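Notes for the structure review
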Amino acid sequence: MKELVEVIAKSLVDNPEEVVVTEKAEGRNIMIELHVAPSDMGKVIGKQGRIAKAIRAVVKAASTRENLKVDVEIV
């Protein structure tokens, strides 16, 4: 899941080298934190959060196949 979020985020931002994704697992729950440059924050969130919702939807679909619960947080 971490790699999926990282690939999506790096394709959206102007500074892909500043994208950092961390993953914390607790049983079947996984928390993924996405850190981007302040100037790229708007590109990752999108208008009215549409891009952020789309990233979360893709990750949720992928995690359902593996019977996991994944939360994506953009920091």
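Reading guide: rules and limits
Residues numbered from 1 in each chain as written. Predicted model: local features only at pLDDT ≥ 70, side-chain atom pairs only at ≥ 80, totals over all residues. Heavy atoms only, no water. UniProt positions renumbered as here; feature names shortened; annotations may be inferred. Core = buried A, V, L, I, M, F, W, Y, C linked by side-chain atoms within 4.5 Å. Buried < 20%, exposed > 50% of the residue type's maximum accessible area, 1.4 Å probe, protein only. Contact = heavy atoms within 4.5 Å. Salt bridge = Lys/Arg side-chain N within 4 Å of Asp/Glu carboxyl O. Helix = DSSP H or I, 4+ residues; strand = E, 2+ residues; numbered from the N terminus. Expected span 1.5 Å × (residues − 1). Arc of directions from axis to C-beta. Pairing = 2+ DSSP bridges. Axes fitted to C-alpha atoms, helices over the stretch in contact; angles between N-to-C directions.

The chain is annotated in an unreviewed UniProt entry as RNA-binding protein KhpA of Butyrivibrio proteoclasticus. Looking at the chain in UniProt, the text filed under Subcellular location (unreviewed entry) is "Cytoplasm".

What follows covers the nonpolar core. Ranked by internal contacts, the top residues of the largest apolar core, which has 17 residues, are Val5, Val19, Ile32, Leu34, Val44 and Val59. When near neighbours in sequence (up to four residues on either side) are disregarded, Ile32 contacts Met1, Lys2, Val5, Val21, Thr22, Glu23, Val70, Asp71, Val72 and Glu73.

Moving on, we get to the pattern of salt bridges. Considering all chains together, one arrives at four salt bridges under this definition. Across the pair Lys10 and Glu6 runs a salt bridge whose closest N-O atoms are separated by 3.3 Å. Remark: Glu6 and Lys10 occur in helix H1 (residues 2–12); sequence separation between them is four residues, near one turn of the helix. The class for Glu6 is partly exposed, based on a relative accessible area of 24%. For Asp71, the salt bridge is made with Lys69, and the minimal N-O distance between the two is 3.2 Å. Residue classification places Asp71 among the partly exposed residues on the basis of a relative accessible area of 34%.

For helix H3 (residues 50–65), built from 16 residues, the straight-helix expectation of 22 Å at 1.5 Å per residue is met to within 8% by its first-to-last C-alpha distance of 23 Å. Those residues of H3 not exposed but buried are Ala52, Ile55, Val59 and Ser63. The buried residues of H3 occupy an angular sector of 65° when projected down its axis, which confines them to one face. Opposite the packed face of H3, turned more than 90 degrees from it, sit the exposed residues Arg50, Lys53, Lys60, Thr64 and Arg65.

Below, the discussion takes up the sheet that holds strand E3 (residues 69–74). Spatially, E1-E2-E3 is the arrangement adopted by the three strands of the open sheet, whose pairing is mixed. Taken across any chain shown, the strands that pair with only one partner, and hence form the sheet edges, are strand E1 (20–26) and E3. Taking each pair of neighbouring strands and ignoring which way they run, the sheet shows an average axis angle of 20°. As paired elements, E1 and strand E2 (residues 29–35) share seven bridges and run antiparallel to each other. Of the residues in E2, the one forming a bridge with Lys24 is Met31.

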